[in-house]
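# Examining the three-dimensional arrangement
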Amino acid sequence: MIHNLCEICKKKSTKFFSFKNFPNYTINSNSKTLYSNKSFTLKLFFCNNCKNIFSSKKFQYQKLYKNHKAKSINIKNKINLIRRDLEKVIKLNKNDKIIEISKNIIFDKKYIRKKKLILKKIDLSKFNIPEKNSIKDIKLLICFDFLGNINNINKFFYSISKLLRDDGYIICEHHYGPSLLKNLTLDRIYSEHVNYFSIYGLNKLVVKNNLIIRKVNFYENKKFFRIIISKNNNNV
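Residue indices begin from 1 for each chain and proceed along its sequence in written order. For a predicted model such as this one, the threshold for reporting local features is a pLDDT of at least 70, and the threshold for listing and counting side-chain atom pairs is 80 or more; totals across whole chains, interfaces and linings nevertheless cover every residue. Heavy atoms from the whole structure form the basis of all side-chain values; hydrogens and water molecules are not counted.

### As for the overall build of the protein chain
Along its length, the protein chain carries 6 helices and 11 strands. The 236 residues of the protein chain split such that 49% are buried. In the protein chain, once contacts between residues fewer than 6 apart in sequence are set aside, the share between residues at least 24 apart is 66%. Here the Shrake-Rupley method, with its probe set to 1.4 Å, supplies the accessible areas, and only the displayed protein chains count as covering residues. Of the roughly 12,700 Å² of accessible surface on the protein chain, 49% is carried by carbon and sulfur atoms. A helix here means a DSSP run of H or I that spans at least four residues, while a strand means a run of E at least two residues long, and both kinds are numbered starting from the N terminus. With a 1.4 Å probe rolled over the protein chains alone, any residue whose accessible area is under 20% of its type maximum counts as buried; one over 50% counts as exposed, and the rest are partly exposed. By definition, residues are in contact when any of their heavy atoms lie within 4.5 Å.

Structure representation (structure tokens):
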């Protein structure tokens, strides 16, 4: 069997899925090109230690998202439901700082003006983990449908834990890794996905960065999850 090192725990993992001539770039919401003519052999691995599923393929953000422009979610009222759910978890006050990492627009200009918030929207084509000199004391980081796309997930959680306020939160939504195996949802496999997380694996990332999982919700037959994370000393 072919082994590769897990992105999360660096343990040897086992290849369980291979697909030849997989398109190098998948459909991008505002791109005129569905994908490039190039293809590769997709290989997925399973880590028995942290239950993470991951791909050996690495990609360049600039190439994948160069035509991407974030837009509001089209489903009627979905964006308002997302915001209302967020506000049940965390109260955002004037001048609170938010980092948004998303292929969509969760916090639009109208909402930011109304709440008098400070927003940093990450440009996916130039994606870099935020540095402390660019924005700090974050009240909320929302990572919507992008967590599995991040190339260095260990560095990401380490950096975010340093930027987060003691009463701050990280809220992420993404595909749930184990559902690939349980439900055979192969339509959720994309070339840009580095990791297909289990909650067990995410908890390993969270704990070693002095964070704690506050709540996990599953939906659509466990195809997707929403996870709420805070600092371990946040008793709110």
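The discussion continues.
### Looking at the packing of helix H4 (residues 153-163) against helix H6 (residues 199-207)
Closest axis-to-axis distance for the H4/H6 pair is 9 Å, and the angle between their directions is 45°. Comparing the axis directions of H4 and H6 gives the class oblique. Crossing hand, H4 versus H6: right-handed. Across the interface between the two elements, Ile153, Asn154 and Phe157 from H4 touch Leu202, Leu205 and Val206 from H6. Residues of the contact of H4 with H6, tallied by class, amount to 5 nonpolar, 1 polar and no charged. Axis geometry follows a simple rule: fit a line to the C-alpha atoms, using only the stretch in contact for helices, then measure angles between N-to-C directions, giving values from 0 to 180 degrees. Note that the term roughly parallel is reserved for angles under 35 degrees, roughly antiparallel for angles over 145, roughly perpendicular for angles of 65 to 115, and oblique for everything else. Helix crossings get a hand from a simple test, with the near helix turned counterclockwise from the far one by less than a right angle marking a left-handed crossing and a clockwise turn marking a right-handed one. In the scheme used here, Gly and all other residues not listed as nonpolar or charged are polar, with Ala, Val, Leu, Ile, Met, Phe, Trp, Tyr, Cys and Pro taken as nonpolar and Asp, Glu, Lys and Arg as charged.

### Observations regarding the pairing of strand S8 (residues 164-175)
Most of S8 is tucked away: 9 of the 12 residues are buried. Bridge count between strand S7 (residues 138-144) and S8: 6 bridges; the pairing is parallel. The residue bridging Leu141 from the neighbouring strand is Ile170, located in S8. Every crossover in which the path from the first strand over the helix to the second runs clockwise, viewed with the strands pointing away from the viewer, is termed right-handed. Note on the crossover from S7 through H4 to S8: the handedness is right-handed. Whether two strands pair depends on DSSP finding at least two bridges between them. In terms of strand pairing, S8 meets strand S11 (residues 224-231) through 7 bridges, oriented antiparallel. Residue pairing across strands places Glu173 opposite Arg226, the latter belonging to S11.

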